[in-house]
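Chain by chain, the residues:
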Amino acid sequence: MTMTAPQWPEGLTDATPLPYNVWRVMTHVDGARDVAEVARLASLTVPDVQERLRAAADWVKRATQHHQQVSDDMADAVTACLTPVVGPMAAVMVDEALDDLGDATTLNNLLSHVARQLSPERVQQFARNLRARGLA
């Protein structure tokens, strides 16, 4: 059985912040070693390596998303995450944040701006909601 050599996800660099258990695998991924060899070098099973490769791709996707300009759909998703925290004021808070930040705002800027208006407990709830939607 031939296993293909895993690749780094597009956009992943040495400077990308990843959990240690993911970097532990990615340090062995060189585009030439197959998954079984990467697993051996990382002292993990092949399924564990495959899961870490998926996790790396997810981290890159989130990091890229945080630096993109906020779309209407993304603003709606942020509002949906904020609504259980502050109620119907969520839409107003997101709209005001977008007005304050301007048209070219990033998701990071929007989330930071909104979070500054929340108590620490509400920030935690907001962050849980964002993570559940894959936005944080």
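Scroll up for the structure.
Residues numbered from 1 in each chain as written. Predicted model: local features only at pLDDT ≥ 70, side-chain atom pairs only at ≥ 80, totals over all residues. Heavy atoms only, no water.

1. Quick word on unusual backbone geometry
For residues that are not glycine, phi is negative in most cases, and the peptide bond is trans in most cases. Backbone geometry at S43 places phi at a positive 55°, although glycine is not the residue there. Inspection of the secondary structure assignment puts S43 in the loop between α2 (35-42) and α3 (46-66). (Helix = DSSP H or I, 4+ residues; strand = E, 2+ residues; numbered from the N terminus.)

2. Observations concerning the environment of R54
Examined against the element boundaries, R54 turns out to sit in helix α3. Residue R54 is classed as exposed on the basis of its relative accessible area, which comes to 51%. Through-space distance from the C-alpha of R54 to that of P9 is 8.9 Å; in sequence the pair is 45 residues apart. (Buried < 20%, exposed > 50% of the residue type's maximum accessible area, 1.4 Å probe, protein only.)

3. A look at a negative patch on the surface
Together, D95, E96, D99, D100 and D103 give the surface a local cluster of negative charge. Relative to the elements of secondary structure, D103 occurs in the loop between α5 (89-101) and α6 (107-115). (Patch = residues over 30% accessible without salt bridge, like charges linked within 9 Å, V, L, I, M, F, W, Y side chains within 5 Å. Areas by Shrake-Rupley, 256 points an atom, 1.4 Å probe, with all protein chains shown as cover. Salt bridge = Lys/Arg side-chain N within 4 Å of Asp/Glu carboxyl O. Lys, Arg positive; Asp, Glu negative; His and termini not counted. Charge placed at Lys NZ, Arg CZ, Asp CG, Glu CD.)

4. Some thoughts on the packing of helix α4 (residues 72-86) against α6
Contact geometry of α4 with α6 gives a least axis separation of 11 Å together with a crossing angle of 30°. In terms of orientation, α4 and α6 fall into the roughly parallel class. Crossing geometry of α4 relative to α6 is assigned as right-handed. Two secondary-structure elements touch here, α4 through M74, V78 and L82 and α6 through L107, L110, L111 and V114. (Axes fitted to C-alpha atoms, helices over the stretch in contact; angles between N-to-C directions. Parallel < 35°, antiparallel > 145°, perpendicular 65-115°, else oblique. Left-handed = near helix turned anticlockwise from the far one by under 90°. Contact = heavy atoms within 4.5 Å.)

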